[in-house]
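# Structure assessment
Given next are the chains, with one letter for each unit.
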Amino acid sequence: KGETLLALQWKKKENFPMWYSDVIVLSEMISYYNISGCYILRPWSYKIWDLMQGWFNGQIQSLGVENCYFPLFVSKDRLEKEKDHVEGFAAEVAWVTKSGDGDLAMPIAVRPTSETIMYPAFSDWIKSHRDLPLKLNQWSNVVRWEFKDPTPFLRSREFLWQEGHTAHATFDEANEMVMQALDLYRRVYEELLAVPVIPGYKTEKEKFAGGDRTTTVEAYIPQSGRAIQGATSHHLGQNFGKMFEIKFQNEAGKSEIAWQTSWGLTTRTIGVMVMVHGDDVGLVLPPAIAPLQCVIVPIISKHLTDEDAKEYCEGILADLVANGIRAKYDDRTMYNPGWKYNHWEQKGVPIRIEVGPRDIEKQQVRTVIRSTGEKIDEKIDGLGALLNTKLGTIQVNMLQAARKTRDEHLVQVTEWKDFVPNLEKSNMVLTPWCGGEHQDWEEWVKNKSREESLAEGEEEDAQTATSVAAKTLCIPFTQPDLPKGTKCIASGMDATCWVLWGRSY
């Protein structure tokens, strides 16, 4: 209590879970709360979410999606209307049963997702083909009362997300929306967070409860050797439309059921980005979502006073801001330059700009790149435009580096004997498969891989959400060639596709 820690206490390679906890606290992203699984998002992490929101809103609005807000609570009868859907969430639903000293006549659920909250309204609003498509999105919090070991950003009892919900006149229109949303998720990870993802379909076993088909983007965490579901976009078919009587008259005057989609992206994105890019000093932020992209630190000494540095540094700051860069001049006098360097490195600021007395004499600055440690002296004339370009280069290079690492852990396997040994090497494994509908064989692989891994000495903690078992991540959209007669790795039946497996969060 009260002790100031200036450096991380854990190394990323030595104790990854403790390193992660260390990083998100010391970088001022997270504070812990007195209810397990609930966390305080401090301004540094919330600004990242804010920047993602701003980008995403611009994209979905160009697709005709409008923002709205629906209530947090859902009645028991509505939540339980769709049998498969409620069974998929039953263990995680939090219920309100009391008000003051009295019991409620009927328990009210806190939303785990909003299909059953929104769709009765869809039924009221949609009467004709002229009312379609209906495309809505809401930014909200949801509660899923996880019983496994919670992890900030990745697995928490309350989290922030956006959830899109649309209704369409045809299957194909709904399917187009599903793919448009999924591609936006791919772009969030790759263009904003510099994290490569693999888009694909979920198997029947892994799809959204009550939905027709689920698409996903899957990311990879090199240090743990685990995959993580990045975001999902669901084709709901007409299932919820039938349950909630979302009907419309088509152009011929006949009654039809609407086709629907739902799609969601959560604050899990931030945790994935931290895990992929962070190092033993702290965060390493991609410029696109860095709350500050550049920080100016004057090297105050007997050779350079605060007053002498002020005009020079403020001129640089004005140039950066004029070039659209999120920048700050750190003129705090109670901290020395070394402390400031450490502070902003922990927080992952992409470029540090150092200004000493010789720099002022030469009309230059020293730039230090957070992701590489590279130090370069640059003239102040045209500095804003130069660093704007440099930030773009850093963004591209971070994605390329993460993709190279991910691809080194992506292997194809056609025989079972090679499957678990590749999991042990922290790989994701692409195998021939008899089809996403074969849930029995999927379960067989999960159980068999776990059994063989435990026999090899792997350990798993019953309290945590991670297992040594393999699970299907997706059936990738981009499929390698599948020669005729290739057999499924588990069942021995003819393979119909390649499926991606991995240990997963």
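Description of the structure in this document.

The rules behind these values
In this numbering scheme, every chain counts its residues from 1 along its sequence in written order. Per-residue local features of the predicted model are confined to residues with pLDDT of at least 70, and side-chain atom pairs are confined, for both listing and counting, to 80 or more; whole-chain, interface and lining totals are unaffected and use all residues. Side-chain calculation: all heavy atoms of the structure are included, whereas hydrogens and water are not. We define a salt bridge as a side-chain nitrogen of Lys or Arg found within 4 Å of a carboxyl oxygen belonging to Asp or Glu. Numbering of helices and strands starts at the N terminus; helices are DSSP runs of H or I of at least 4 residues and strands are runs of E of at least 2. Exposed residues in this analysis have more than 50% of their type's maximum accessible area, buried residues have under 20%, and partly exposed residues fall in between, with area computed by a 1.4 Å probe over protein chains only. Under the convention used throughout, the expected extent of a helix is 1.5 Å for every residue step, that is, one less than its residue count. Angles run from 0 to 180 degrees between N-to-C directions of axes, and those axes are lines fitted to C-alpha atoms, restricted for helices to the stretch in contact. When describing relative orientation, an angle under 35 degrees is termed roughly parallel and one over 145 degrees roughly antiparallel, while 65 to 115 degrees is termed roughly perpendicular and anything else oblique. Here is the rule for handedness: rotate from the far helix to the near one, and if that takes an anticlockwise turn smaller than a right angle the crossing is left-handed, while a clockwise turn gives right-handed. Any two residues whose heavy atoms approach within 4.5 Å are treated as being in contact. Only Asp, Glu, Lys and Arg are considered charged, only Ala, Val, Leu, Ile, Met, Phe, Trp, Tyr, Cys and Pro nonpolar, and every remaining residue, Gly among them, polar. Only strands that DSSP links by at least two bridges are regarded as paired with each other. The term polar contact refers here to a pair of N or O atoms within 3.5 Å; inside protein, the definition further demands a hydrogen-donor-capable atom paired with an acceptor-capable atom, and it admits residues adjacent in sequence only when both atoms are side-chain atoms. Working definition: rings of Phe, Tyr and Trp (its six-membered ring) pair if their centres are within 6.5 Å, and the pair is stacked with planes under 30 degrees apart, edge-to-face with planes over 60 apart, and tilted otherwise. Whether a charge sits over a ring depends on NZ of Lys or CZ of Arg being within 6 Å of the ring centre and within 35 degrees of the ring normal. What we call a nonpolar core is a set of buried Ala, Val, Leu, Ile, Met, Phe, Trp, Tyr and Cys residues that are connected through their side-chain atoms within 4.5 Å.

### Considering the pattern of salt bridges
If the charged atoms of two oppositely charged side chains come close together, the side chains can form a pair. Counted under the stated rule, the structure contains 26 salt bridges. A salt bridge links Lys471 to Glu206; the nearest nitrogen and oxygen atoms lie 3.4 Å apart. On the criterion of sequence distance, the pair formed by Lys471 in strand 22 (residues 471–476) and Glu206 in the loop between strand 9 (198–201) and strand 10 (213–221) is long-range, its members being 265 residues apart. Its relative accessible area of 24% is what places Glu206 among the partly exposed residues. Through salt bridges that share partners, Asp183, Arg186, Glu190 and Arg403 make up one connected network.

### Regarding helix 12 (residues 383–407)
Working note: α-helix, 3.6 residues per turn, so residues spaced by three or four point in the same direction. Here helix 12 contains 25 residues, and its C-alpha end-to-end distance of 36 Å stays within 8% of the 36 Å for a straight helix at 1.5 Å per residue. Within helix 12, burial applies to Leu383, Gly384, Leu387, Leu391, Ile394, Gln395, Met398, Leu399, Ala402 and Arg406.

### Focus on the packing of helix 1 (residues 16–26) against helix 8 (residues 268–277)
For the pair helix 1 and helix 8, the least separation of the axes is 11 Å and the interaxial angle reads 115°. In terms of orientation, helix 1 and helix 8 fall into the roughly perpendicular class. Crossing of helix 1 against helix 8: the hand is right-handed. Counting all contacts with helix 1, which are made through Phe16, Trp19, Tyr20, Val23 and Ile24, the residues of helix 8 involved are Gly271, Val274 and Met275. Grouping the amino acids of the contact of helix 1 with helix 8 by side-chain chemistry returns seven nonpolar, one polar and no charged.

### Description of the pairing of strand 5 (residues 94–99)
Bridge analysis of strand 5 against strand 6 (residues 102–110) gives five bridges, and the strand direction is antiparallel. Opposite Lys98, over in strand 6, you have Asp103 as the bridge partner. Linkage of strand 5 to strand 6, two consecutive antiparallel strands, is achieved through a turn of two residues, within which Gly100 is found at a positive phi near 60°.

### With respect to the side chain of Thr166
Checked against the element boundaries, Thr166 lands in strand 8 (residues 158–168). Engagement of the side chain of Thr166 in a polar contact is seen with the side chain of Thr261, the distance being 2.5 Å.

### Some remarks on the packing of aromatic side chains
This model, assessed by the stated rule, comprises 20 aromatic pairs. With a centroid separation of 5.8 Å and 10° between ring planes, the pair formed by Phe56 and Tyr185 is classed as stacked. With Phe56 in helix 2 (residues 43–62) and Tyr185 in helix 6 (residues 171–192), the pair connects residues that are 129 residues apart, well separated along the chain. Residues Phe56 and Tyr185 agree in their burial class; the two are buried. Connected via pairs of aromatic rings, a cluster forms that spans Phe70, Tyr119, Phe122, Trp125, Phe240 and Phe244. It is Lys347 that lies over the ring of Trp44; its NZ or CZ is 4.3 Å from the centre.

### Brief notes about the environment of Val295
In this fold, Val295 is placed in strand 15 (residues 294–298). Along the sequence, Val295 and Thr367 sit 72 residues apart, while their C-alpha atoms lie 9.8 Å from each other. When residues no more than four places from it in sequence are discounted, the contact partners of Val295 are Lys328, Asp330, Trp344, Val349, Ile351, Arg352 and Ile353.

### Describing the nonpolar core
If you look at the biggest cluster of nonpolar residues, it comprises 56 residues, and the most contacted ones within it are Met29, Met52, Phe56, Leu193, Val272 and Val274. For this core, the leading source of residues is helix 6, giving eight residues. The contact partners of Leu193, leaving out residues within four places of it in the chain, are Met52, Val188, Thr269, Met273, His277, Pro286, Ile289 and Gln395.

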